[in-house]
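Overview (structure and organization)
Below are the chains, spelled out letter by letter.
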Amino acid sequence: AEMIHKLFEECIDKNKEKEFYLCGPGNFILKTEKILIDSNIDSKHIHKEYFSTLTNVTDEANKRDKFLPSASLKFKLGNIESKVETNPGEKILDALIRNGFEPPYSCSSGACATCIAKLHKGEVIMDSDLALDKSEIEAGWILTCQSRCASKEVEISYQE
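Residues numbered from 1 in each chain as written. Predicted model: local features only at pLDDT ≥ 70, side-chain atom pairs only at ≥ 80, totals over all residues. Heavy atoms only, no water.

1. Some remarks on the nonpolar core
Of all hydrophobic cores here, the largest spans 15 residues; its most connected members are Leu73, Ile92, Leu96, Ile142, Val154 and Ile156. For this core, the secondary structure elements donating two or more residues are strand 3 (71–77), helix 4 (92–98), strand 5 (116–121) and strand 9 (153–158). Here the element with the most residues in this core is strand 3; it accounts for 4 residues. Ranked by size, the runner-up nonpolar core spans 9 residues in total, among them Leu22, Ile35, Ile41 and Ile46. (Core = buried A, V, L, I, M, F, W, Y, C linked by side-chain atoms within 4.5 Å. Buried < 20%, exposed > 50% of the residue type's maximum accessible area, 1.4 Å probe, protein only. Helix = DSSP H or I, 4+ residues; strand = E, 2+ residues; numbered from the N terminus.)

See below:
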């Protein structure tokens, strides 16, 4: 925090309307982002790339997954519109791959957003949402590598 505040003092007129890029381990990014926001930097100007995720699926999450339903997952992927059945607690990305589809993905840890899709119907639970900001989540975007169907019917579409 001290180093960031010193940088701001030295560049006081130069740090308006700038973009801030944070890259590193999860806790570093969270702490640095908080300092920036507390320094009146709008979160839309803060961009993050995580080296690792903040949390692993806990015992509590594993217990929760036992109560998640199998689901009818309708999806649009490029020119393909189809439907698959997910197993209880199965991640959407895994269900699509298991059924022979080739959805986009990279890190599979919720840090890159390569697997981003729009949720149109139903409910999902995301284990990690590091690559999304609050406004994207509120707009219905999900990370399919981290999302599990929480309702019996879910409908998504991948970005084109």
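2. Structural notes on the pairing of strand 4 (residues 80–86)
For strand 3 and strand 4, the ladder comprises 7 bridges, and the chain directions are antiparallel. Bridge pairing links serine 72 to glutamate 85 in strand 4. Count of turn residues in the strand 3/strand 4 antiparallel hairpin: 2 residues, of which glycine 78 carries a positive phi of about 65°. (Pairing = 2+ DSSP bridges.)

3. Things to note about the environment of histidine 47
By the secondary structure assignment, histidine 47 is in strand 2 (residues 46–50). In this structure the C-alpha to C-alpha distance between histidine 47 and phenylalanine 20, which are 27 residues apart in sequence, comes to 6.0 Å. When neighbours within four sequence positions are excluded, histidine 47 is seen to be in contact with Glu19, Phe20, Tyr21 and Leu22. Within the structure, histidine 47 has its side chain in polar contact with the side chain of glutamate 19 (distance 2.5 Å). (Contact = heavy atoms within 4.5 Å. Polar contact = N/O pair within 3.5 Å; in protein donor to acceptor, adjacent residues only side chain to side chain.)

4. Some remarks on the packing of aromatic side chains
The full count for this structure, using the stated rule, is 1 aromatic pair. Seen in terms of ring centroids, phenylalanine 75 and phenylalanine 101 are 4.9 Å apart; in terms of plane orientation they differ by 80°. Their pairing is edge-to-face. A residue pair is termed long-range when its members are at least 10 positions apart, and phenylalanine 75 in strand 3 and phenylalanine 101 in the loop between helix 4 and strand 5 qualify at 26 residues. Residue class for phenylalanine 75 comes out buried when judged on its relative accessible area of 2%. (Phe/Tyr/Trp six-rings, centres within 6.5 Å; stacked < 30°, edge-to-face > 60°.)

5. Notes on the pattern of salt bridges
What the rule picks out here adds up to 5 salt bridges. With its nearest N and O atoms 2.8 Å apart, the salt bridge here joins arginine 98 to glutamate 90. The exposure class of glutamate 90 is buried, given its relative accessible area of 13%. (Salt bridge = Lys/Arg side-chain N within 4 Å of Asp/Glu carboxyl O.)

6. Here we look at the confidence of the model for the chain
Any residue range with low pLDDT should be treated as having predicted coordinates unsuitable for detailed reading. In this model, the chain carries a mean pLDDT of 85, and residues with pLDDT of at least 70 account for 86%. Low pLDDT, under 50, characterises residues 55–60; the stretch is placed with 4 contacts to residues that sit more than four places away or in other chains. (pLDDT = per-residue confidence, 0-100.)

7. As for unusual backbone geometry
The phi angle at serine 108 is positive, at roughly 60°, despite the residue not being glycine. Structurally, serine 108 is set in the loop between helix 4 and strand 5. The phi angle at alanine 113 is positive, at roughly 70°, despite the residue not being glycine. Along the chain, the position of alanine 113 falls in the loop between helix 4 and strand 5.

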